[in-house]
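# Descriptive analysis of the structure
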Amino acid sequence: QVQLVESGGGLAQAGGSLRLSCLASGRTFVGSTMGWFRQAPGKDRIFVAGIEWSGITRYSDSAKGRFAISRDRAKNTLYLQMNALKPEDMAVYYCVARRGDIKDEGQLYDYWGQGTQVTVAS
């Protein structure tokens with residue numbers, strides 16, 4: 001059974017940092033693209049960042065320059081370093097995975113984690 005388990009969410013002050021982690025298990029993710037989506041209350045789930053097996057990355061405009069996505073292939077773990085946090089970054093963050101290249105449509109991802117809450121205090 002495929003599992004994506006996020007951790008690292010919590011409370012941060014505006015301007016602060018958090019690092020999210022996502023441990024993938026249950027199948028091989030060799031060759032897979034992984035990424036992060038987020039959903040704020042009352043809003044749609046939106047793409048934040050993605051990373052292909054080759055290391056190619058893509059970010060949303062809001063994440064560019066502040067967030068950094070990375071993965072440890074040996075540990076099957078995905079990371080999202082979030083710096084200069086803003087109140088509008090507050091959301092539930094989801095780890096995702098799919099075969100193929102990065103997509104910013106959530107329905108194109110095969111696997112989703114349960115999410116981790118990020119709260120940013122102004």
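Because the structure is predicted, anything quoted here is derived from the model rather than measured. (Residues numbered from 1 in each chain as written. Predicted model: local features only at pLDDT ≥ 70, side-chain atom pairs only at ≥ 80, totals over all residues. Heavy atoms only, no water.)

### Describing the nonpolar core
So the rule is basically this: To define a nonpolar core, start from buried Ala, Val, Leu, Ile, Met, Phe, Trp, Tyr and Cys residues and group those joined through side-chain atoms within 4.5 Å. The buried label goes to any residue with under 20% of its type's maximum accessible area, the exposed label to any with over 50%, and the partly exposed label to all in between, with areas taken from a 1.4 Å probe on protein chains only. Helix numbers and strand numbers start at the N terminus; a helix is a DSSP run of H or I with at least 4 residues, a strand a run of E with at least 2.
Of all hydrophobic cores here, the largest spans 27 residues; its most connected members are Trp36, Leu80, Met82 and Tyr93. Broken down by secondary-structure element, the contributors of at least two residues to this core are β3 (18–25), β4 (32–39), β5 (46–51), β7 (67–72), β8 (77–82), β9 (91–99) and β11 (116–121). Ranked by size, the runner-up nonpolar core spans 5 residues in total, among them Phe37, Phe47, Val96 and Ile102.

### Re empty space enclosed by the protein
What counts here: Put simply, the grid is 1 Å and covers the protein atoms alone, a cavity is a trapped set of points that fit a 1.4 Å probe, a pocket is an open set with protein on both sides within 12 Å along at least five of seven lines, and lining residues have an atom within 4 Å of a point. Grid points are joined across faces, edges and corners, and a volume is the space filled by probe spheres set on the points. Polar here means any residue outside two lists: the nonpolar Ala, Val, Leu, Ile, Met, Phe, Trp, Tyr, Cys and Pro, and the charged Asp, Glu, Lys and Arg; Gly therefore counts as polar.
Enumeration over the complete set of coordinates arrives at 1 cavity of 30 Å³ or more. Taken as a whole, the largest cavity encloses approximately 30 Å³ of empty space. Around the largest cavity, the lining residues are Met34, Trp53, Arg71, Asp72, Arg73, Asn76 and Thr77. Residue classes in the lining of the largest cavity are distributed as 2 nonpolar, 2 polar and 3 charged.

### Description of the sheet that holds β7
Applied cut-off: Pairing between two strands requires that DSSP report at least two bridges joining them. Every axis corresponds to a line fitted to the C-alpha atoms, with the helix fit spanning only the stretch in contact, and the corresponding angles, defined between N-to-C directions, vary from 0 to 180 degrees.
As summarised here, the arrangement of the 4 strands in space is β1-β3-β8-β7, forming an open sheet in which the pairing is antiparallel. A single partner strand is all that each edge strand has here, and the edge strands are β1 (3–7) and β7. Sheet twist, expressed as the average angle between the axes of neighbouring strands with direction ignored, equals 15°. Examined bridge by bridge, β3 and β8 share 6 bridges and lie antiparallel to one another. Its bridge partner being in β8, Leu20 is matched across the sheet by Leu80.

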